[in-house]
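Next come the chains, spelled out residue by residue.
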Amino acid sequence: MTPLIPITEYITYMLFSYLTGHVILQFIPVDKKPASQVSKSSLLLSVLGIIIFTFFPVLQVISYFSTEGFLSLRAYAILTEFQVGISWLYGSFFAVFLWMVMYVEGSKYLQAFFLFLMMISLGYASHSASLDLVPGLFSHSIHFLTITIWVGVLIHIGWLAKSIEDWHGFLRWFTPLSIVLFLITTVTGILLMFFVVQPRDYANAWVLPYGQMLLLKHLSIIPVLMFALVNGILSRKAKVDSTFDAKKWIQAETVILMIIFFITGVLGTLTPPHQVNATVIQEGAAFWVEYFIGHKIAAPFIVQLNTGFEGIVLLCIAILFLALIVISFYKKVSPWIPLSFGILFIISAYLGLMMSVSIG
C-alpha cells in the first residue's frame, strides 16, 4: 500500500489543480484569457477522482491498525475518530456539493467555496495540523491553495488552450498574480517546514530520506523560477517576435511543477525529522547518503559543508544549466531543451551538495 501513496497523492494534487485552474479562470474576463477546452465530464470525473484517491491514506491506516478487516468496528473508529478519516469524510461531503454545482453549471462562487472547503478538509489531515491545529491547518490550506492556483492556471493555458492570441493581455494579470502566489507559497512553505525541522537542523536532516526529499523539492523550485522569469518577463518580447511559442514554454514550466508535486507526495510517506539524531537512531540514515560519504552514520552528528573540488565543480555546472535556460530563450530553441537543463540543474546541484557533505 505504501508505494502507492505518493502516486495517489500526486494524482490528487493534479486533480485539485485542474479544478482550481478552471474555477479561477471563470473569474477572468473572456478577452484576457485564451479559450480552453474543458468538458463538464472531465470536471465531474476530477471531483470523483479526488474522493477516490484521498481515500488511499485512510485505507493505509485501516490496513495497518485493523486486523479484523475493513468492515470492522476498529475500521469504523479510524474513519470517524482519526484525523485522516474525518478529513476524508468532510472532504467527500463537500466534494458531493461541488459535483452537483458543476453538474448544473452553477455559480462560480459556489464552486470556489466548496473547492476551498475541500482543501481545508485535506489540510486537516496534514502533519502540521496534527501538531498544532489552527496554525498548521491555516498554513497548509493556504499553501495548497496558492500552489494549485498557480499550477492550475498554467495547466489550462499551456495544455488545454486552443491558442494564445493575446499573450500580453494574459501576462498583464497573471504575472502580478504569480508573484503574489509565489510570495505566499514561500512564506507558508517556510512555516510548514518549521513544523517538521528547525532551521538549525535543516542540513542535519539531509541524512534522512525526508531531508533528502525536502532538499530535492527546494532545488526543484529554482528552475521553476527561471521558467517564470522567461514566461513572465523576458517573453514580453513576443510582442514583436512571432517565433516565441508561449504554450510550449508554459508546458515546460508545468513539468517541473509536476516533479515538485511528486516529491511532495513522497514526503507525505516519510517520517518527519522532528529530532534528527533520535530519528537516525530509530530508523537509520538514508543508505545512499552513507554511500556518498563512504561510512555509516551514527548519532549524534553534525552535517557540515566543505568546499571540495568535486562539489564546487558540480555546483558551477548547476549554475551553468540555469544560465542555459535563459540562453535557450534568446537562441529560440525548443522549450523542451531548457526543460532538460532544468532537470540537469536539479541533479547536478544535488550531487554537488552531497559531494560537499561531511559528518562531524
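What this report covers is the structure whose coordinates are included nearby. (Residues numbered from 1 in each chain as written. Predicted model: local features only at pLDDT ≥ 70, side-chain atom pairs only at ≥ 80, totals over all residues. Heavy atoms only, no water.)

1. Let's talk about the environment of A299
Right, so step 1: Counting through the fold element by element, A299 comes out in the loop between α13 (287-293) and β1 (303-305).
Right, so step 2: In this structure, A299 is in contact with N277, V280 and I281, ignoring residues within four places of it in sequence. (Helix = DSSP H or I, 4+ residues; strand = E, 2+ residues; numbered from the N terminus. Contact = heavy atoms within 4.5 Å.)

2. What to know about the packing of helix α1 (residues 4-26) against helix α3 (residues 55-65)
Right, so step 1: At a closest axis distance of 9 Å, the pairing of α1 and α3 adopts a crossing angle of 155 degrees. Relative to α3, the element α1 is oriented roughly antiparallel. Touching L4, I5, T8 and E9 of α1 are F56, P57 and Q60, all from α3.
Right, so step 2: Here the residues of the contact of α1 with α3 are counted per class, giving four nonpolar, two polar and one charged. (Axes fitted to C-alpha atoms, helices over the stretch in contact; angles between N-to-C directions. Parallel < 35°, antiparallel > 145°, perpendicular 65-115°, else oblique. Nonpolar A, V, L, I, M, F, W, Y, C, P; charged D, E, K, R; others polar.)

3. Considerations on the environment of L110
Right, so step 1: Inspection of the secondary structure puts L110 in helix α6 (residues 108-124).
Right, so step 2: Between the C-alpha atom of L110 and that of I297, which follows or precedes it by 187 residues, the distance is 53 Å.

4. Concerning the packing of aromatic side chains
Right, so step 1: Inspection of the entire model under this criterion finds 26 aromatic pairs.
Right, so step 2: For the pair Y10 and F262, a centre-to-centre distance of 6.3 Å together with 75 degrees between the ring planes defines the contact as edge-to-face. Taken as a pair, Y10 in helix α1 and F262 in helix α11 (residues 246-267) lie far apart in primary sequence, 252 residues in all.
Right, so step 3: Their ring planes at 55 degrees and their centres at 5.5 Å tell us that Y13 and F261 sit as a pair that is tilted. (Phe/Tyr/Trp six-rings, centres within 6.5 Å; stacked < 30°, edge-to-face > 60°.)

5. Quick word on the packing of helix α10 (residues 209-232) against helix α14 (residues 309-331)
Right, so step 1: Between α10 and α14, the shortest axis-to-axis distance is 10 Å and the interhelical angle comes to 20 degrees. Put simply, α10 runs roughly parallel to α14. The handedness of the crossing between α10 and α14 comes out as right-handed. Residues I222, P223, M226, F227, L229 and V230 of α10 touch α14, and the partners they reach there are L322, I325, V326 and F329.
Right, so step 2: Looking at the contact of α10 with α14, its residues break down into 10 nonpolar, no polar and no charged. (Left-handed = near helix turned anticlockwise from the far one by under 90°.)

6. Observations regarding a nonpolar patch on the surface
Right, so step 1: Residues F93, V96, F97 and M100 make up a contiguous nonpolar surface patch of roughly 350 Å² in combined accessible area.
Right, so step 2: With respect to the helices and strands, the residue M100 is situated in helix α5 (residues 83-103).
Right, so step 3: What makes M100 partly exposed here is its relative accessible area of 40%. (Patch = residues over 30% accessible without salt bridge, like charges linked within 9 Å, V, L, I, M, F, W, Y side chains within 5 Å. Areas by Shrake-Rupley, 256 points an atom, 1.4 Å probe, with all protein chains shown as cover. Salt bridge = Lys/Arg side-chain N within 4 Å of Asp/Glu carboxyl O. Buried < 20%, exposed > 50% of the residue type's maximum accessible area, 1.4 Å probe, protein only.)

7. Notes on the pattern of salt bridges
Right, so step 1: For the structure shown, the criterion picks out two salt bridges.
Right, so step 2: Of the charged contacts in the structure, one is a salt bridge between K40 and E105, with a shortest N-O distance of 3.6 Å. Taken together, the positions of K40 in helix α2 (residues 40-53) and E105 in the loop between α5 and α6 put the pair 65 residues apart, joining distant regions of the chain.
Right, so step 3: Judged by relative accessible area, K40 falls into the partly exposed class, the value being 33%.
Right, so step 4: Judged by relative accessible area, which is 60%, E105 ranks as exposed.
Right, so step 5: K296 serves as the salt-bridge partner of E290, at 3.6 Å between the closest nitrogen and oxygen.
Right, so step 6: On the basis of relative accessibility, which here comes to 68%, the residue K296 falls in the exposed class.

Any functional reading would require information beyond the geometric quantities listed.
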